[in-house]
Each structure stands twice: as structure tokens, then as C-alpha cells.
Amino acid sequence: MDTCAPPRISGLKGREVYDARGQLSIEAEVSCIVCNKEKSMASAAVSSHFGLKVTSLDRKIMSQERADHMMTAAQWINGPLKNMLKGQNPCDQSDVDLLLSNFFMARFLEEKDVWNKEIEESRSLSEHGESLSSPRSTEAKDNKVIKKGKKSNTLEKPFRPTESPEPVLRGSCAIGSVSLAVAQTAAKIQTLPLYKYIAALKNRKAPASYHIPVALVTLLSCGKTSPGKLSLLEEVILIPKAGQRVKQMITMALGIQEEMMRIINTSTKAGATQPMLSDSGALAVTYERPEQPLDLITEACSNSGLALGTDIHLALNLAAAELMDCSKGKYEVATGVLKSPDELVDMYRTLITKYPAVVALIDPLRREDIDQWEKLSNMVGDSCSLLSDLTFKPKAPPLPGVTGHILKHVHETTVSDLIRITSEHQGLVLMGAACGEPCSDDSLSDMAVGLGLGYVKLGGLSGAERMTKYNRLVSIEEELAQQGILVLEEKHPPPLFPDTQEQCTTAQSTV
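Bear in mind the structure is a predicted one, so any value in this text is a computation, not a measurement. Along each chain, residue indices are assigned from 1 in the same order as the chain's sequence is written. This being a predicted model, a pLDDT of at least 70 is required before a residue's local features are given, and a value of 80 or more before pairs of side-chain atoms are given or counted; all residues contribute to the totals for chains, interfaces and linings. Processing note: side-chain calculations cover all non-hydrogen atoms of the structure and skip hydrogens and water entirely.

1. Describing the overall build of the protein chain
And then number 1: Counting secondary structure elements, the protein chain contains twelve helices and 19 strands.
And then number 2: The buried label applies to any residue whose accessible area, calculated with a 1.4 Å probe on protein chains only, is under 20% of its type's maximum; exposed applies above 50%, and partly exposed to all values in between. Within the protein chain, the proportion of its 511 residues that are buried is 49%.
And then number 3: Sequence-distant contacts, at least 24 apart, represent 68% of the contacts inside the protein chain between residues at least 6 apart. Secondary structure elements follow DSSP: runs of H or I no shorter than four residues count as helices, runs of E no shorter than two count as strands, and numbering proceeds from the N terminus. Every residue pair with non-hydrogen atoms within 4.5 Å of one another is taken to be in contact.

2. So, the nonpolar core
And then number 1: Membership of the largest hydrophobic core comes to 120 residues, with the highest contact counts inside it found for Leu 81, Val 178, Leu 220, Leu 232, Ile 256, Met 260 and Leu 361.
And then number 2: Considering every element that reaches this core, the biggest residue donor is helix α4 (residues 173-189), with ten residues.
And then number 3: Apart from residues lying up to four places away in sequence, Val 178 is in contact with Leu 12, Ala 28, Ile 77, Leu 81, Leu 85 and Leu 100.
And then number 4: Formed by 15 residues, the second largest nonpolar core is a distinct cluster that contains Ala 360, Ile 362, Met 431 and Phe 497. The set of buried Ala, Val, Leu, Ile, Met, Phe, Trp, Tyr and Cys residues whose side-chain atoms join them within 4.5 Å is what this entry labels a nonpolar core.

3. Section: unusual backbone geometry
And then number 1: Cis geometry marks the peptide bond from Pro 494 to Pro 495; its omega dihedral reads 10°.
And then number 2: Structurally, Pro 495 can be placed in the loop between β18 (486-489) and β19 (508-510).
And then number 3: Of note, the phi angle at Cys 35 is positive, near 55°, even though the residue is not glycine.
And then number 4: Residue placement: Cys 35 occurs in the loop between β2 (24-34) and β3 (37-44).
And then number 5: What makes Cys 35 exposed here is its relative accessible area of 53%.

4. Here we look at the pattern of salt bridges
Opposite charge on two side chains makes pairing possible when the charged atoms of those side chains draw close.
And then number 1: Should a side-chain nitrogen of Lys or Arg be within 4 Å of a carboxyl oxygen of Asp or Glu, the pair is scored as a salt bridge. For the coordinates displayed, the defined rule picks out 19 salt bridges.
And then number 2: Arg 66 serves as the salt-bridge partner of Asp 19, at 3.5 Å between the closest nitrogen and oxygen. Linking Asp 19 in the loop between β1 (8-18) and β2 with Arg 66 in helix α1 (residues 59-85), this pair joins segments that are 47 residues apart in sequence. Both residues of the pair, Asp 19 and Arg 66, belong to the buried class.
And then number 3: We note a salt bridge from Asp 369 to Arg 366, for which the minimum N-O separation is 2.9 Å.

5. Considerations on the environment of Asp 369
And then number 1: Within the secondary structure, Asp 369 is located in the loop between β13 (358-362) and α9 (370-380).
And then number 2: Sequence separation between Asp 369 and Arg 160 is 209 residues; the distance between their C-alpha atoms is 7.4 Å.
And then number 3: Setting aside residues no more than four positions away along its own chain, Asp 369 makes contact with Met 324, Tyr 331 and Pro 341.
And then number 4: In terms of polar contacts, Asp 369 uses its side chain to reach the side chain of Tyr 331, at 2.3 Å. What qualifies as a polar contact is a pair of N or O atoms within 3.5 Å, subject to a donor-acceptor requirement within protein and to the restriction that residues adjacent in sequence count only when both atoms come from side chains.

6. Overview of empty space enclosed by the protein
And then number 1: Computed over the protein atoms alone on a 1 Å grid, cavities are sets of points where a 1.4 Å probe fits but cannot get out and pockets are open sets with protein on both sides within 12 Å along at least five of seven lines; a residue lines them when it has an atom within 4 Å of a point. Grid points are joined across faces, edges and corners, and a volume is the space filled by probe spheres set on the points. Scanning all chains against the criterion turns up two cavities of 30 Å³ or more.
And then number 2: As for the second largest cavity, its lining consists of Leu 216, Ile 237, Ala 315, Ile 362, Ile 406, Val 429, Met 431, Lys 457 and Leu 496.

7. Points about α9
And then number 1: Listing the buried residues of α9 in full gives Gln 372, Trp 373, Leu 376, Ser 377 and Val 380. The buried residues of α9 occupy an angular sector of 140° when projected down its axis, which confines them to one face.
And then number 2: Among the structural elements, α8 (341-354), β13, β14 (385-389) and β15 (402-407) are those in contact with the buried residues of α9. Arc, as used here, means the arc of the directions from the helix axis to the C-beta atoms.

8. Focus on the sheet that holds strand β12 (residues 337-339)
And then number 1: Within the open sheet, the three strands sit side by side as β10-β11-β12. Their pairing is antiparallel. Lying at the two open borders of the sheet, with one neighbouring strand each, are β10 (324-325) and β12.
And then number 2: The sheet contact formed by β10 and strand β11 (residues 330-334) spans two bridges and is antiparallel. Bridging across to β11, Asp 325 finds its partner in Lys 330. One requirement defines pairing of two strands: DSSP has to find at least two bridges between them.

9. Observations regarding the sheet that holds β2
Two modes of strand pairing occur in sheets, parallel and antiparallel, and in both the strands are linked by backbone hydrogen bonds.
And then number 1: Strand order in the open sheet formed by three strands is β1-β2-β3, and the pairing between neighbours is antiparallel. The two strands at the open ends of the sheet, each matched to only one other strand, are β1 and β3. Each strand of the sheet is rotated relative to its neighbour by a mean of 25°, with strand direction disregarded.
And then number 2: Pairing of β1 with β2 involves ten bridges; the strand directions are antiparallel. All axes here are fitted lines through C-alpha atoms, helices being fitted over the stretch that makes contact, and every angle between N-to-C directions spans 0 to 180 degrees.

10. Observations regarding the packing of aromatic side chains
And then number 1: A pair of Phe, Tyr and Trp rings is counted when the ring centres sit within 6.5 Å of each other, with Trp represented by its six-membered ring. The angle between the planes then sorts it: under 30 degrees is stacked, over 60 is edge-to-face, the rest tilted. In total, this model carries three aromatic pairs according to the counting rule given.
And then number 2: Taking the centre distance of 5.2 Å and the plane angle of 85° together, the rings of Trp 76 and Phe 103 count as edge-to-face. Residue Trp 76 is located in helix α1, and its partner Phe 103 is located in helix α2 (residues 93-131); the two are separated by 27 residues in the primary sequence. Assigned by exposure class, Trp 76 and Phe 103 land together as buried.

11. Some remarks on the pairing of strand β9 (residues 312-317)
And then number 1: For β9, a buried count of six out of six residues is recorded, marking the element as mostly surrounded by other parts of the structure.
And then number 2: Alternating positions in β9 separate into two faces, Ile 312, Leu 314 and Leu 316 on one and His 313, Ala 315 and Asn 317 on the other, with burial throughout.
And then number 3: Sheet topology note: the strand β6 (residues 233-240)/β9 ladder contains six bridges and is antiparallel. Looking across to β9, one finds that Leu 238 is bridged to Leu 314.

12. Topic: the pairing of strand β5 (residues 214-222)
And then number 1: Counting buried residues in β5 gives nine out of nine residues, a clear majority hidden from the surface.
And then number 2: Relative to strand β17 (residues 455-459), β5 runs parallel, the two sharing four bridges. Directly across from Leu 216, in β17, lies its bridge partner Lys 457.
And then number 3: The sheet contact formed by β5 and β6 spans four bridges and is antiparallel. For Val 217, the partnering residue across the bridge sits in β6 and is Leu 238.

13. Topic: helix α11 (residues 443-450)
And then number 1: The buried count for α11 comes to eight of eight residues, which makes it a mostly enclosed element.
And then number 2: When we look at burial in α11, the residues that qualify are Ser 443, Leu 444, Ser 445, Asp 446, Met 447, Ala 448, Val 449 and Gly 450.
And then number 3: A positive backbone phi angle near 70° is found at Gly 452, which sits one or two residues after α11.

14. Section: the environment of Leu 216
And then number 1: Checked against the element boundaries, Leu 216 lands in strand β5.
And then number 2: Note on Leu 216: relative accessible area 3%, which makes it buried.
And then number 3: Separated by 22 residues in the primary sequence, Leu 216 and Leu 238 place their C-alpha atoms 5.8 Å from one another.

Have a look at this one:
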């Protein structure tokens, strides 16, 4: 037997593991025959995200749903996927990912028929119930609406209902996990770090030089699950100065974080209480108005000798879709404080005017509020970029005024999918999920470098699951610098800064 025969996939093993929050996740392990012996080559897990955040009342239901997802994923890996990939060359990433995607699509179409039948049955029951309602009571209700409408001479624009999120197919995280594990296996066979293997796949050859994506650090969280009344600011994100090394950026961000803690502990800012850590690893503070956390950061930067708007800038992740109260057609930006889409646009304009260091808004509105996206872009687009998340709607029509997108590596997204999406869409920010990741996984950093992205958001500077990724980014940067193939960008790449915002030189320097 030829002992030099290239390794082939001999087996897959799927097992349920616990992520950084103690929730069930799935891990895929790839084995190959190497020199006539079966050897475990690599294991990987991708994030699992099941839509909008849930309340405590829903957690038990969601926990059971998650367990069903992971059980199905393990069954897929240990059964049909294992048989399908046995004998495949792990270095043929596109072939492996095509098999995985075809398998997923077949399961998806089967399940879609079931979903459509359930929707039709639900619609039929709803229509039957309406037909049984009293015509007289309906007429009286209509008259009340007409009378109530006489109080105002202006007609409100019709509210566009929020589209139902596309259901996540049970077991789908098996696809992404196996794809990533196969990529790690191929990199190991070729004695390459994962980022160089990914870069060679995307560029069809090894690049002559590399750059490190700008690492975006979450400083504060005042979102829906934070302890205060304010819900609007899911994340306040630090954007470091262009050309800064990762270790310098981490040191600077930690200094700002320590100064914010000192300010909070001495109660310099009214309304602040002892902070806790959010899911993103940032300080979750108790505030009532969006100006308060921005004032806190402004004061911390000033005390640290940093010029906000020069040395650092800010991005706001609003996650506005989670704040919509569909029964009222308004966003609940704080407990008991409701804003119509137009009112929310005006609020953003006021914030951007008062805090010019804010240069990007992420998901400031629902996708359905198309007119307001355009209005917001016209108001702040010259000084502030608008970004939307395309993770769950990659083929959705573009929103007016959006200059960049957020991408997460979740569920059935294969390595080939990431390469394709990042080739088709310019101005992407690869964002780590707030949960659903194992503590020891650092592949997101390799993916961001290998895909040649301008930005990667890894979360706050706390927790093993995040610091592992930051440490990996530092390690990659040092390795590339030692090899003389690290390029330092002296200007922020798109999409976080509008073209007119930076007047820097476009020069690059090689370390």
C-alpha cells in the first residue's frame, strides 16, 4: 500500500458541547487516514443564533428548542454527513462544501413544505375566526376608529408589519461546523496556519502580503437586556486609530475601560450604578438616556488624554429590530419611551450632531422602514455610515443609504460561502456572536485575516471566548511582522468611515 497517498476523510464525529454561556452547542471532529493510521485532525464549532433575544418566560422553551437543534446536528454528523464525506479529499474545500450545501438544501426543502402547510392551516383558522365575529361589533369598532382619527388632521403613514424571521433549520449548525473542521484539517495537512489557507483559497494563490483587520472593541452595552431603562444602545463600539497595532489597541481600550469603571464607582455621572458584564463581554451600565453612556466615554477619554474623534471614533450597534413594538408601530428605546420611525431618525440626527465621533450606525432601523433608511442617510450620511446585518438575509434587496454590512459565521454558512459573500460584497465587518461559541475557539480571527476583511468585531475585553480571539489576532500580527509581509494601513478602510470623513493619506507601510 502507498504510504504517501494523500490523506482522505475517514470519519466524522459530532458531539454536544457547552458554549461560553453554558448552553448546548455542537462540535464536529474530522479524522483522516494518515500513513495507514486513522488520526483525529481537527474539530470546530460555529455559533448558533436563533433570532431575537428572548425574555425569561421564553428561556425554557428556547432551551428545549436549542437541545433539539443540537441533537439533530449530532445525528446528521454521525450519520449521513459521515457517510457522504468518507473518502473525500479534505483539501478540496469547494467540493466538500458543495456536498454539505446540497445536503442542507435537500433537508431545507423538505422542512419548508411542512412550514408552508402549518402557515396555511394557521391562516385558515384565523380567517374562519374572523368570519364568526359580529358584523355589528366590527362596524362599531370602525366608527370608534373614525371618531378617534378626527383628533388629528395629519394622517400617519401606514405601518409595515415586521417580516417573520426565516426559520432556522434544525441541525443546520452541523454544516458550518463540519466545513470549518475540514478547512482546519486541510490547513494542518498543508502545514499552513488557517488564515494563510483561507487566503490562498480566496485569492487562488498565496498573497504576497497581509493586513490585520481593525479590531473593534465593545466598550459599553445599554441594550434590551441591560439593567437600566435604556434599550437603544446594544453596543457602543470603539474604533481605534488607523495603523495601530492590535496590542496597542487592547492596551488603550483597557485604559478607557478602567477609567470608566473609576468614574462609575465614584458616581461622577448621575444615574449610574455598579455595572455588570453583558453577553458581549462589555460593561452593562444602568442609564435612562442615550447621551449618558456617550458622555461617560467622552469623560473617560478626556481623562486618559485621548482625543475622541481623532485618536478613536465610535460606532453604535442599535439592533433596532429588537425594540419594535408591533402593536403600537413604535420603537421602545427606553422603558416606557416610544418613538415612531421618523422620531427615531430625528433622535439619531441629534446624537450624531452632538457626538461627531460617532461615525457608524449598525442596524438603526428595521429593514421594513425603507423610507426612514433613506431619510436617515440624507441627514447624516456625509459624516456617519449606515450598516445592516445580512447574516440571515444575504439575498435581500439593498437598503437605501447602506454602505456596509455585518456578517456572522453561523449555522449552515460554509467556508466557501464566506469566501463568496466577501468577494461579492465590499465593506464587510465580520462580527463574532455574543454567545454560542466554545471558549477555546479562535478561528474567527484567522477567518477575518484570511478573507482580507477591513474590520472584525470580537466583543468586549473580558471572557476566555473573546480574549482567545484577541490573543490569536496579536499572534498572527507578530508572525506576519517577523516574516516581513505585514502591511499597516494608514487609512481606515470602508465601510465605517464615509469617503469625506477621513482626509488621511492612502499610503501603506510594510513591517
